[in-house]
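Next come the chains, spelled out residue by residue.
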Amino acid sequence: MRTSVARIALALSMATAIGAMTAALSGPPSAHAQPAIAAADPDARMLVEADELVYDNVAQTVSAVGNVEINYDGRTLQADRVVYDQRTGRVRAEGNARLLDPDGAVVTGSVIELTDDFRTGFIDSLRVEQEVLTGSRPATGRFTAPRAERIEGDITVFQRGTYTTCEPCAENPLRPPLWQVKAARIIHDREEQTIYYENASLEFLGVPIANVPYFWSPDPTVRRKTGFLAPTFVFSEKLGFGTQIPFFWNLAPNYDLTFRPAYLSRQGFLGDVEWRHRLMTGSYSIRAAGIFEQDSSAFNRPQRAGAAGGARGMIRTAGRFSINPRWSFGWNATFLSDRHFLEDYGYGGAGLSEAISTVFLQGRGERSFFEARGYYFKVLTSNEVQKSQPIVHPVIDYDRRFTGPDFLGGEIGLRANVTSLSRERAQFLDLPDGRRAALGLAGNYARASAELSWRRRFIDGLGQAWTPFAYARLDGFWFSPNLTGFQNADARAFVSGRDDTAARVMPAVGLDYRFPLAASGLGGTHVIEPMVQIVARPNETLVGRFPNEDAQSVAFDTSSLFAWDKFAGFDRAEGGVRANYALQYTFNGDNGVFVHAIVGQSAHLAGRNSYRETGLVDAGAGSGLDKRLSDYVGGITVQPWRGLQVGARARLDRDTLDFTRIEANATARIGAARATLAYAHFARQPQLGFDRAREGLSATGRIDLTENWFLDGSIALDLARFRDGAPTGTGNPRISSLSVGAGYADECTTFTVSMTAAPIRGATGKDRYNRTVMFRLELVSLGEIGLQQSLDSDVASR
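Read on for a plain summary of the structure. Not measured: the values here are computed from a predicted model.

What follows concerns the environment of Ala210. With respect to the helices and strands, Ala210 occurs in strand 12 (residues 207-218). Accessibility expressed as a relative area gives 31% for Ala210, which makes it partly exposed. C-alpha of Ala210 to C-alpha of Val181: the two residues are 29 residues apart in sequence and 9.8 Å apart in space. Setting aside chain neighbours within four positions, we find Ala210 in contact with Ala200, Ser201 and Leu202.

This is how it looks when you write it as structure tokens:
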């Protein structure tokens, strides 16, 4: 039994006996700026703990025997027996020898023979374990060798060594790991943070699959290292054969460059470079890609909006910086030579209708929010007109909540919005009844809105909740139309054609009433709650006099039933007197069962119904609010047990009870399987350009076959789209997207293979599918390789 007195005595005795060793530990520091292993500290002290000390004056040795632990300069040596030879200045550890380095590496061996500073020596039956910081998840790097040499604490040479990040089999430690690298020599240079392999072979389950005379990989402690990344292979009829070999250049801990050059046999050299930079207050990145196209006719488009001479390319940049803990600014922008470049060269353009560029300033307080954001929309499809897209410069939102003064109480809210935009070409929509809607007018448009509100909740002795509220909103408008060029002159049918300025005031008062009735029994708690709201306002003014940019649609369901104003934006303001009412039921079961249901309706009581006012865009048409009594809205959520939840929201026509809007979803987790299912149906809204009903179904799922193996997949079906001009109701539903895959993942390896399919709308209007097979293998800390190959000859593979 070791006591504290014994440990102190042994420490003092050992320190006295090896005074020569401590004097020799003050070697010069490394000349490198940031060495991976710190140099010996001349002021460091040695602490020795052991059951006994044995002095041999003849052999000039001092032996620490039994549960030995020596701590010096951040390193710890443990063994059954440690012998220090005063003549040679070497320390020999025997029996369960274990050396812990300052960087967390654990070295074990049958015999460890080191110099007196623990930095140089030989190790028999070596095993090293070190935390891996590279890769996608935490892991441990494991080196083994029958004999290794340690040089100055920075270099370890493993003779006939192995390296892996796989854990040994608990039942059979001698069984080969899933993968390992065997080499005649493995040189681990901690100063360079690099591992070199000589005459190496990569083995899976003990079977060699690849022999490499020489290669190197980053040290397990390195998060970023200069070098080549996994290559990507390219094959398509449009691009030809090719290979992309990325090179990562770690210029500094906070900035780097990645080159992704590719040679395409049909189109030539594609350059691609990305710069990333992290600063004290944020980070940004810039990526540029370009090519001088050799065969533009390969893309088979009637009109390709490429630059002259076949030059095509893009620049993407994104950044975000903190001004202080509350304020930040940033940007996300994409600049393109033409709308088809992203799709043609595999940069993610397939299926996208536009690329959105934005710059923003954002601030957050405890009860406030501010954001100023500018937008530029770049269309990526052939059926959209670029000049009809607005340039937003900018849109500003501000929201602040205050506690009301003592005499008033409650909460005071301040909300403001400023929108400024311009458009070069007007955009119109021909309606089935012969009228036209102005989706966007050419010219310059600006609006400033401010709303001040108050509300306070009272609960009486019966438990009834009464919430009076009031608000006043002021909107100022300015519009300068452009009636020249394109079809802009058609705007005279909607606006005067002259610069116009006006203001709108919308005051309102209202009352919200709720009376929750609770009861216990039948396995849980039941709450039935009738809810009524009434809002009184004057009629809406200026309808149709100014453009409607942000309130072109109304989503009426249970989530918006009790909204004071159901328009999505500020360009329209709901007027008239309206009552909203609903009945809500909630059940919380003792065994985890949960049920929530609500059904309600809205009634226009007096004044003009804003949802019947057409304006430039008939926003209220088909919303269910354009009648005196609205459609019925309802929703339900059921959780019969933990792990399964089903929910739905719907709107039913008041007269026919037909569903005009349905959104349903289900999530389930049963054992090793989990899945989600979503369904949506929206009735036709020809006044908004939707001539046919929209209907879709999507599902995702994953099954863990074992602890490591899994299957996953997803599918989205378009149940109402037309294929080749015929309704899909006459055939099979059209697949909007499909993905199936399988994979394996453990502490050292990730392997996935998947197949995806997504439609691409061609210039002829017919649908074609981009079917892609993707393969990825990651050996944690050693590297990864991936392959993405299109199964269709006319789609880029990357």
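Moving on, we get to a nonpolar patch on the surface. A contiguous nonpolar patch, built from Phe458, Trp466, Leu511, Ile534 and Leu605 and spanning about 400 Å² of accessible area, is present on the exposed surface. Within the secondary structure, Phe458 is located in strand 30 (residues 458-459).

A separate point is the pairing of strand 28 (residues 436-440). Regular strands have side chains that alternate between both faces of the sheet. Pairing between strand 27 (residues 427-430) and strand 28: 4 bridges, direction antiparallel. Pairing of Asp430 across the sheet is with Arg436, part of strand 28. The turn linking strand 27 back onto strand 28 is made up of 5 residues, and Gly434 within it adopts a positive phi angle of 95 degrees.

Here we come to the pattern of salt bridges. For the coordinates displayed, the defined rule picks out 49 salt bridges. A salt bridge links Arg504 to Asp475, with the nearest nitrogen and oxygen atoms 3.1 Å apart. In this pair, Arg504 is assigned in strand 32 (residues 500-514) and Asp475 in strand 31 (residues 465-481), connecting sequence segments 29 residues apart. Note that Arg649 is salt-bridged to Glu663, the shortest N-O span being 3.4 Å. Here Arg649, found in strand 38 (residues 644-652), pairs with Glu663, found in strand 39 (residues 659-670); they are 14 residues apart in sequence, far enough to count as distant. Taking the relative accessible area as the measure of exposure, Glu663 reaches 23% and is therefore partly exposed.

As paired elements, strand 6 (residues 106-115) and strand 7 (residues 121-132) share 7 bridges and run antiparallel to each other. Following the sheet pairing, Val106 is matched in strand 7 by Glu129. Judged from the 11 bridges that link them, strand 7 and strand 8 (residues 139-151) form a sheet pairing that is antiparallel. Bridge pairing in strand 8 links Gly121 to Arg150.

Turning our eyes to something else, we now look at the packing of aromatic side chains. For the structure shown, the criterion picks out 24 aromatic pairs. Aromatic side chains Phe341 and Tyr347 sit 5.7 Å apart centroid to centroid with 15 degrees between the ring planes, which places their arrangement in the stacked category. By relative accessible area, which is 0% here, Phe341 ends up buried. Between the aromatic rings of Phe477 and Phe546, the centroid separation amounts to 5.0 Å while the plane-to-plane angle is 20 degrees, which identifies the pairing as stacked. With Phe477 in strand 31 and Phe546 in the loop between strand 34 (524-536) and strand 35 (577-589), this pair connects stretches of sequence that are 69 residues apart.

Reading the values: the criteria
- Residues numbered from 1 in each chain as written.
- Predicted model: local features only at pLDDT ≥ 70, side-chain atom pairs only at ≥ 80, totals over all residues.
- Heavy atoms only, no water.
- Helix = DSSP H or I, 4+ residues; strand = E, 2+ residues; numbered from the N terminus.
- Buried < 20%, exposed > 50% of the residue type's maximum accessible area, 1.4 Å probe, protein only.
- Contact = heavy atoms within 4.5 Å.
- Patch = residues over 30% accessible without salt bridge, like charges linked within 9 Å, V, L, I, M, F, W, Y side chains within 5 Å.
- Areas by Shrake-Rupley, 256 points an atom, 1.4 Å probe, with all protein chains shown as cover.
- Salt bridge = Lys/Arg side-chain N within 4 Å of Asp/Glu carboxyl O.
- Pairing = 2+ DSSP bridges.
- Phe/Tyr/Trp six-rings, centres within 6.5 Å; stacked < 30°, edge-to-face > 60°.

Distances and angles like these do not, on their own, reveal function.
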